[in-house]
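Here's the letter readout for the chains.
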Amino acid sequence: MHICLFDIDGTLIHTRGAGTAALKAGLRSAFGIDEPTDQVAIHGRTDRGITRDLFKFHGIDDNPTHWERFREAYLQALPASLAARTGTVLPGIISLLELLTSRDDVAMGLLTGNTRAGARIKLAHYGLDHYFDFDGLGGFGDDHFDRDEVAREALAVVESRLGTPVDLSRVWVIGDTPKDVSCGRAINARTIAVATGNHTREELAAADPDYLATDFADPQAVLALWS
């Protein structure tokens, strides 16, 4: 059994900044803050980690009540933010997901910095939610500040669902940032980097993934890795 754990933003879809806009709208709605937040790094990180840094930047106490207030405001803003932008499903993704879904030797899940609910909203907007069980395999950014911890959660969920330790040479972490590669390495999984996000091929190559793709326009190239 091959386990494919996908990142979302820059890997499956490009929202044209809808998530960032919803973060800013959530901050405004929950705390009345409308100042720029561009100094806080976003790409490849968990929503919980991003929020911790946003709170620190704006002098907000990082506690569970404030996190929950912000998360709810963000989730409320996200659908309208997605609808206001002409985002897209990235090249080859539908064909790749169809091919993987059709195989009985593949299980798919998500390994994303998005919150579980945020992941569902984003993928539903682009018609991809039916490919994934949001309560099944995967790890999300609700609780962890570090992407490596999300990967460890995802692996634990996979092993729990399958009822046995997995062959890590058959676990594939697929994403568009060096952090996707490093979190895959943190669990000794294999990694596929794709240059459809905000990082160049050269930046991704420096992270030393097991396979580097320009895009997934030829999904058979991924399947060839297993031959």
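Structure first, text after, so check above.
Residues numbered from 1 in each chain as written. Predicted model: local features only at pLDDT ≥ 70, side-chain atom pairs only at ≥ 80, totals over all residues. Heavy atoms only, no water.

Trainee: Residue-level account of the nonpolar core, with values.
Mentor: Core analysis: the largest hydrophobic core is formed by 51 residues, its most contacted members being F6, L12 and F132. With eight residues, helix α3 (residues 64–83) is the largest single contributor of residues to this core. Residues contacting F6, with those up to four places away along its chain left out, are T11, L12, L96, L97, L100, M108, G109, L110, L111, F132 and I174. Core analysis: the next-biggest nonpolar cluster, separate from the first, contains 16 residues, V150, L155, V166 and I187 among them. (Core = buried A, V, L, I, M, F, W, Y, C linked by side-chain atoms within 4.5 Å. Buried < 20%, exposed > 50% of the residue type's maximum accessible area, 1.4 Å probe, protein only. Helix = DSSP H or I, 4+ residues; strand = E, 2+ residues; numbered from the N terminus. Contact = heavy atoms within 4.5 Å.)

Trainee: How would you summarise the pairing of strand β6 (residues 171–175) if you had to cite specific residues and measurements?
Mentor: Looking down a regular strand, the side chains alternate between one sheet face and the other. The buried fraction of β6 is high, at five of five residues. Here β6 shows two buried faces, one formed by V171, V173 and G175 and the other by W172 and I174. Bridging between strand β1 (residues 2–6) and β6 involves four bridges; their strand directions are parallel. The residue bridging I3 from the neighbouring strand is V171, located in β6. Sheet analysis places β6 next to strand β7 (residues 190–194), joined by four bridges and oriented parallel. Paired with I174 across the two strands is I192, which belongs to β7. In this view, the connection linking β6 to its parallel neighbour β7 by way of helix α7 (residues 178–186) has right-handed handedness. (Pairing = 2+ DSSP bridges. Right-handed = clockwise from strand over helix to strand, strands pointing away.)

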